[in-house]
Amino acid sequence: MATAAAAACVRVASPFTGPCIRPPCRFSAARRGPRRAGMAVAAAAGAGGGSPLTVLVTGAGGRTGQIVYKKLKERAGQFVGRGLVRTEESKGKIGGGDDVFIGDIRDPASIASAIEGIDALIILTSAVPKMKPGFDPSKGERPEFYFEEGCFPEQVDWIGQKNQIDAAKSIGVKQVVLVGSMGGTDINHPLNKIGNGNILVWKRKAEQYLADSGLPYTIIRAGGLQDKDGGLRELIVGKDDEILKTETRTIARADVAEVCIQALLFEEAKFKAFDLASKPEGEGTPTTDFRNLFAQVSSRL
């Protein structure tokens, strides 16, 4: 699956497949949690008042991360955008400005300067498998994948994300948005078998760690990522992978990016975890009321 620090270990879209069984779960309005840290700041920024939020996007060199970073820079009245990438090449790919830091999420010291002084953190890092050489589709062969040494999901999706959460907590960050993947309720999900990495297992471990951290958080488990324009589809939220049992289990990267940013602006998004997909373009009404979208969610993990 939705990408830089071990950004050599990038993000890839997950091809979720499965028969149409039932429509996605719809949520009733959520109760507001007791913890309100940072809500007034986010609300003020969203309304155009107060100082803009300084937001760091990790995995900013990935396909989804690039979109988030660009959106933040386009909304200078609301946000001061920063990016974290792993290489000079990735830094150049998103403009190479002074607000793009180079670091490795597996090494806490190397990301300290990027974290310092931020108000919010958007985590878009993920281990990425590589295809073993010699694959010949003309022979009916199935590709095999592996993870490079040091870039296994345990090191990137667990230790690397834990390092980011710890760093954010150490400076009192007001909000952490973590993008993960659907499928984590099934230990036998095909994504876990890729490179024997159990990637969804380690992603869920990081999600649990964030939920237990005491930090305000939003966990977004995206469906199969598509390189399409955003803002054209009705978004769907669910829980416990119920969306995977339907035909609406994909989403445009641009829509995931928008939800990441909108999550920083509404109290209804805080202390929530949800699956995210969209209806096909032309079905339903494109989502514009993000407060209402987040209010449908009641699950905290």
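As a reminder, the structure under discussion sits directly above these lines.
Residues numbered from 1 in each chain as written. Predicted model: local features only at pLDDT ≥ 70, side-chain atom pairs only at ≥ 80, totals over all residues. Heavy atoms only, no water.

Engineer: Before we go on, may I ask you to explain the pairing of strand 10 (residues 235–238) in this structure?
Structural biologist: Side-chain direction in a regular strand flips from residue to residue, so the side chains alternate between the two faces of the sheet. Side-chain alternation along strand 10 places L235 and V237 on one buried face and I236 and G238 on a second face that is also buried. Two strands pair when backbone bridges link them, and strand 10 and strand 12 (residues 272–278) are joined in this way by four bridges, in the antiparallel orientation. Among the inter-strand pairings, L235 is bridged to a residue of strand 12, identified as S278. (Buried < 20%, exposed > 50% of the residue type's maximum accessible area, 1.4 Å probe, protein only. Helix = DSSP H or I, 4+ residues; strand = E, 2+ residues; numbered from the N terminus. Pairing = 2+ DSSP bridges.)

Engineer: What is the right way to read the sheet that holds strand 12 from this model?
Structural biologist: Hydrogen bonds between backbone groups are what pair the strands of a sheet, and the pairing can be parallel or antiparallel. With mixed pairing, the eight strands of this open sheet are ordered in space as 3-2-1-4-7-8-12-10. Either end of the sheet is taken by a strand with one partner, and the two such strands are strand 3 (100–102) and strand 10. Adjacent strand axes in the sheet meet at a mean angle of 25°, parallel and antiparallel pairs treated alike. Contacts from helix 2 (residues 63–74) reach strand 1 (53–58), strand 2 (79–85), strand 3 and strand 4 (120–123), with the element oriented near 155° to strand 2. (Axes fitted to C-alpha atoms, helices over the stretch in contact; angles between N-to-C directions. Contact = heavy atoms within 4.5 Å.)

Engineer: I would appreciate a short explanation of unusual backbone geometry in the present structure.
Structural biologist: Both trends apply: most residues other than glycine have a negative phi, and most peptide bonds are in trans. Phi is positive for D240, close to 55°, though the residue is something other than glycine. You can see D240 is positioned in the loop between strand 10 and strand 11 (250–252). Unlike most non-glycine residues, D241 shows phi in positive territory, near 65°. Inspection of the secondary structure assignment puts D241 in the loop between strand 10 and strand 11. Look at D241 and you get buried, because its relative accessible area is 4%.

Engineer: What exactly am I supposed to notice about helix 7 (residues 199–211) here?
Structural biologist: For an α-helix the count is 3.6 residues per turn, leaving residues at separations of three or four pointing the same way. Along its 13 residues, helix 7 runs 19 Å from first to last C-alpha, staying within 8% of the 18 Å computed at 1.5 Å per residue. Considered for burial, the residues of helix 7 that qualify are I199, L200, W202, K203, A206, E207, L210 and A211. Each element contacted by the buried residues of helix 7 is listed here: helix 5 (153–170), strand 7 (175–181), helix 6 (190–193) and strand 8 (217–222). (Expected span 1.5 Å × (residues − 1).)

Engineer: Could you clarify how one ought to interpret the side chain of R233 in this entry?
Structural biologist: With respect to the helices and strands, R233 occurs in the loop between strand 9 (224–226) and strand 10. A polar contact of 2.7 Å, which involves the side chain of R233, links it to the backbone oxygen of D229. Excluding residues that lie within four positions of it along the chain, R233 makes contacts with K228, A252, D255, S278, K279, P280, E281, T285, P286 and T287. (Polar contact = N/O pair within 3.5 Å; in protein donor to acceptor, adjacent residues only side chain to side chain.)

Engineer: Explain the pattern of salt bridges here, please?
Structural biologist: Opposite charge on two side chains allows them to pair when their charged atoms are near. Overall, the coordinates contain 18 salt bridges when judged by the stated rule. With a shortest N-O distance of 2.9 Å, D157 and K203 are connected by a salt bridge. Of this pair, D157 sits in helix 5 while K203 sits in helix 7, and the two are 46 residues apart along the sequence. For the pair formed by D157 and K203, the shared burial category is buried. Among the ionic pairs, R253 bridges to D227, the shortest N-O distance being 2.8 Å. Of this pair, R253 sits in helix 8 (residues 253–262) while D227 is found in the loop between strand 9 and strand 10, placing the two residues 26 residues apart along the sequence. Given the relative accessible area of 56%, D227 is considered exposed. One salt-bridge network, held together by shared partners, links R63, D227 and R253. (Salt bridge = Lys/Arg side-chain N within 4 Å of Asp/Glu carboxyl O.)

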